[in-house]
Amino acid sequence: MIIYEYKNKSYLKKPLSSDSENVKISEWKISGEGTVYSVTTIYVPPAEFVKESPYTVAIIQLKDTTLKVTARMEEPVQIGETVYFTKFDNGAYHFRKRL
């Protein structure tokens, strides 16, 4: 995973900046490891995800930063478990318990 820092704040997506600004956008790679902060299972999803239900969504506290990310889980998890980033697909971060 790549983290961007801009004006003393961290982002998962590269922030847009004006060409007139003289502020550097830093980027660094992190491990993609995190801890499950919150978790829920979606049983009644929006229409475009009906075929995928039920599915699990969690908020992940990333290990190497103060950022949290909302993610689709590839397996059931519990709060406090260590999980790992696997892919970014269809606008969603995906995590699982083991790589």
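Our structure's up above, just so we're on the same page.
1. Section: the nonpolar core
When a protein is soluble and globular, its nonpolar side chains tend to lie buried together. Residues Leu 12, Ile 60, Leu 62 and Phe 95 are the most contacted members of the largest nonpolar core, which totals 16 residues. Ignoring sequence-local partners within four residues, the contact set of Ile 60 consists of Gly 34, Thr 35, Val 36, Leu 67, Lys 68, Val 69, Ala 71, Met 73, Val 83 and Phe 95.

2. Regarding the environment of Asp 64
Among the structural elements, Asp 64 can be located in the loop between β5 (55-62) and β6 (68-73). The class of Asp 64 is partly exposed, set by a relative accessible area of 39%. When residues no more than four places from it in sequence are discounted, the contact partners of Asp 64 are Ile 30 and Ser 31.

3. Quick look at the sheet that holds strand β3 (residues 26-29)
The strand order across the open sheet formed by three strands is β2-β1-β3, and the pairing between neighbours is antiparallel. The open sheet has two edge strands with one neighbour each: β2 (9-11) and β3. Within this sheet the neighbouring strands show an average axis-to-axis angle of 30°, counted without direction.

4. A closer look at the packing of aromatic side chains
In this structure the tally under the stated criterion is four aromatic pairs. Centre to centre, the rings of Phe 85 and Phe 95 are 5.8 Å apart; their planes meet at 70°, and the pair counts as edge-to-face. Remark: Phe 95 occurs in strand β8 (residues 92-96) and Phe 85 occurs in strand β7 (residues 82-89); sequence separation between them is 10 residues. Judged by its relative accessible area of 22%, Phe 85 is partly exposed. On the basis of relative accessibility, which here comes to 0%, the residue Phe 95 falls in the buried class. One aromatic cluster in this structure is built from Phe 85, Phe 88, Tyr 93 and Phe 95. Taking NZ or CZ as reference, Lys 68 lies 4.6 Å from the ring centre of Tyr 37, over its face. Note that Arg 72 overlies the ring of Tyr 55, its terminal NZ or CZ placed 3.9 Å from the centroid.

5. Structural notes on the pairing of β6
Of the strand pairs in this sheet, β5 and β6 are connected by six bridges, and their pairing is antiparallel. Bridge pairing in β6 places Ala 58 opposite Ala 71. As paired strands, β6 and β8 are joined by three bridges and run parallel to one another. Each bridged residue has a counterpart across the sheet, and for Ala 71 the counterpart in β8 is Tyr 93.

Reading the values: rules and limits
Residues numbered from 1 in each chain as written. Predicted model: local features only at pLDDT ≥ 70, side-chain atom pairs only at ≥ 80, totals over all residues. Heavy atoms only, no water. Core = buried A, V, L, I, M, F, W, Y, C linked by side-chain atoms within 4.5 Å. Buried < 20%, exposed > 50% of the residue type's maximum accessible area, 1.4 Å probe, protein only. Contact = heavy atoms within 4.5 Å. Helix = DSSP H or I, 4+ residues; strand = E, 2+ residues; numbered from the N terminus. Pairing = 2+ DSSP bridges. Axes fitted to C-alpha atoms, helices over the stretch in contact; angles between N-to-C directions. Phe/Tyr/Trp six-rings, centres within 6.5 Å; stacked < 30°, edge-to-face > 60°. Lys NZ or Arg CZ within 6 Å of the ring centre and 35° of its normal.

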